[in-house]
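Overview (structure and organization)
Chain residues, written in single-letter form:
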Amino acid sequence: MFTGLIEEIGEIVAVEAVDDSLRLTIAGPVVTADAVHGASIAVSGVCLTVIEQGTTSDGRGTFTADVMAQSLRMSTLGALIPGSRVNLERAVRVDTRLGGHIVQGHVDGTASLVSSTPAEQWRVMRFALPAALAPLLVDKGSVTLSGVSLTVSGISDPAGGDDGGPDHWFEVSLIPETLAATTLGALEPGDRVNVETDILARHVARMLRFGGEPAALTEPHVPEGSRA
């Protein structure tokens, strides 16, 4: 589990193709300070497992992780090259405050930046959203973008866009600290971000697809002969 509060911006040191997966080596002195083999680290919102550790020539700690084919299809990690910057967060400890929201590191898909509008003390970013993910976002609800815990500040009508833009979109409003401390501040229109929707929304959507109450919540069947 993660909170969506980014600890540092890491750098991709190496990318190695391994069959239909990728092996990434990432420099991040903060997240590697207490990392051990098997630890979980969110890389731009994707939960990865540490399989090796090392250091760069300039002394920065590194970790290596494998990215399976499904994660490559669902996220932006397949486009990373040496020098790419990524948001990094270690798994949350049970004795710390949950400053963001509950983030699993299980990406649902990607969204693309449509516009970035500066305001007096923040920046409003609008993203185009795939139709399948649109029902899982709600105004003032939580969303994770490339590992960053954010609040939805605006969202399109369920019937679709009517202003000539994308049919489904949502907006987030970013303060200067978030723009500076994460990779979101460097986004340009057309750039993609990893999206993780709220876990409760996913469960509700799944339940509704079956219709009615879940079987576990109904009265269990008791064979006639065994009734008291």
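Presented here is an overview of the structure given in this document. Here the structure is a predicted model, which is why all the values come from computation and not from measurement. Along each chain, residues carry numbers from 1 onward, in the same order as the chain's sequence is written. With the structure being a predicted model, the display of local features is reserved for residues of pLDDT at least 70 and the display and counting of side-chain atom pairs for 80 or more, all residues being used for whole-chain, interface and lining totals. Where side-chain values are given, they derive from all heavy atoms of the structure, hydrogens and water being excluded.

Regarding the pattern of salt bridges
Using the following cut-off: Criterion for a salt bridge: a side-chain nitrogen of Lys or Arg within 4 Å of a carboxyl oxygen of Asp or Glu. Under the scheme used here, helices are H or I runs from DSSP no shorter than 4 residues and strands are E runs no shorter than 2 residues, and both carry numbers assigned from the N terminus. Only protein chains enter the area calculation, which uses a 1.4 Å probe; residues under 20% of their type maximum are buried, those over 50% are exposed, and those in between are partly exposed.
This model, assessed by the stated rule, comprises ten salt bridges. Between Arg-90 and Glu-7 there is a salt bridge; the shortest N-O distance is 2.5 Å. One end of the pair, Arg-90, is in strand β7 (residues 85–90); the other, Glu-7, is in the segment before β1 (8–18), with 83 residues separating them in the sequence. Judged by relative accessible area, Arg-90 falls into the partly exposed class, the value being 24%. Salt-bridge contacts for Arg-126 lead to Glu-171; the nearest nitrogen and oxygen are separated by 2.8 Å. One end of the pair, Arg-126, is in strand β9 (residues 123–128); the other, Glu-171, is in strand β12 (residues 169–174), and 45 residues separate them in sequence.

Things to note about the environment of Gly-10
We apply this condition: Note on contacts: a residue pair qualifies if any of its non-hydrogen atoms lie within 4.5 Å across the two residues.
In this structure, Gly-10 sits in strand β1. Sequence separation of Gly-10 and Val-195 is 185 residues, and the distance between their C-alpha atoms is 19 Å. Once residues lying within four places of it in the same chain are set aside, the contact partners of Gly-10 are Ala-27, Ser-84, Arg-85, Val-86 and Leu-88.

Some remarks on the nonpolar core
Applied cut-off: In plain words, nonpolar cores are sets of buried Ala, Val, Leu, Ile, Met, Phe, Trp, Tyr and Cys residues tied together by side-chain atoms within 4.5 Å.
In this structure, Phe-127, Val-143, Leu-145, Phe-170 and Val-172 are the most contacted members of the largest nonpolar core, which totals 23 residues. When residues of this core are traced back to their parent elements, those giving at least two are β8 (109–118), β9, β10 (142–145), β11 (148–155), β12 and β13 (192–196). Each residue touching Leu-145, except ones within four places of it in the same chain, is listed here: Phe-127, Leu-150, Phe-170, Val-172, Leu-184, Val-193, Asn-194 and Val-195. Ranked by size, the runner-up nonpolar core spans 20 residues in total, among them Ile-41, Leu-48, Ala-65 and Leu-77.

Re the pairing of β9
Operational definition: Two strands qualify as a pair provided that DSSP identifies no fewer than 2 bridges between them.
Where burial is concerned, most of β9 is hidden: five out of the six residues are buried. Strand direction decides the pairing type here: β8 and β9, joined by six bridges, are antiparallel. Note that in β9 the partner of Ser-112 across the bridge is Ala-128. Between β8 and the antiparallel strand that follows it, β9, lie four residues. Strand direction decides the pairing type here: β9 and β12, joined by six bridges, are antiparallel. The residue bridging Phe-127 from the neighbouring strand is Phe-170, located in β12.

Focus on helix α3 (residues 199–210)
To be explicit about the condition: Multiplying 1.5 Å by the residue count of a helix minus one yields the expected span of that helix. A 3.5 Å cut-off defines polar contacts: any pair of N or O atoms within that distance qualifies, except that in protein one atom must be a possible hydrogen donor and the other a possible acceptor, and neighbouring residues in sequence count only when both atoms are side-chain atoms.
Look at α3: 18 Å from first C-alpha to last across twelve residues, which is about the 16 Å you get at 1.5 Å a residue. Where α3 starts, the residue carrying a side-chain oxygen 3.0 Å from the main-chain nitrogen of Leu-200 turns out to be Asp-198. Two residues or fewer after α3 comes Gly-211, characterised by a positive phi angle close to 80 degrees.

A few points about a nonpolar patch on the surface
Short version of the rule: Exposure above 30% relative accessible area and no salt bridge define the residues that can form patches, which grow by joining like charges within 9 Å and nonpolar side chains of Val, Leu, Ile, Met, Phe, Trp and Tyr within 5 Å. All accessible-area figures derive from a Shrake-Rupley calculation using a 1.4 Å probe, and residue coverage is judged against the displayed protein chains alone.
A contiguous nonpolar surface patch, about 350 Å² in accessible area, is contributed by Met-1, Val-92, Leu-98 and Ile-102. Along the chain, Leu-98 turns up in the loop between β7 and β8.

A few points about the packing of aromatic side chains
Each aromatic ring pair is described using two quantities: the centre-to-centre distance and the angle formed by the ring planes. Defined as follows: Here the aromatic set is Phe, Tyr and Trp, taking the six-membered ring for Trp, and pairing holds for ring centres within 6.5 Å; pairs whose planes are under 30 degrees apart are stacked, those over 60 apart are edge-to-face, and all others are tilted. Here, over-ring charges are defined by two tests on the NZ atom of lysine or the CZ atom of arginine: distance to the ring centre within 6 Å, and angle to the ring normal within 35 degrees.
Across all of its chains, the model carries one aromatic pair by this definition. The interplanar angle of 20 degrees and the centroid separation of 5.5 Å between the aromatic rings of Phe-127 and Phe-170 together place this pair among those described as stacked. Taken together, the positions of Phe-127 in strand β9 and Phe-170 in strand β12 put the pair 43 residues apart, joining distant regions of the chain. Accessibility classification places Phe-127 together with Phe-170 in one group, the buried group. Positioned over the ring face of Trp-169 is Arg-126, at 3.5 Å from the centre of the ring.

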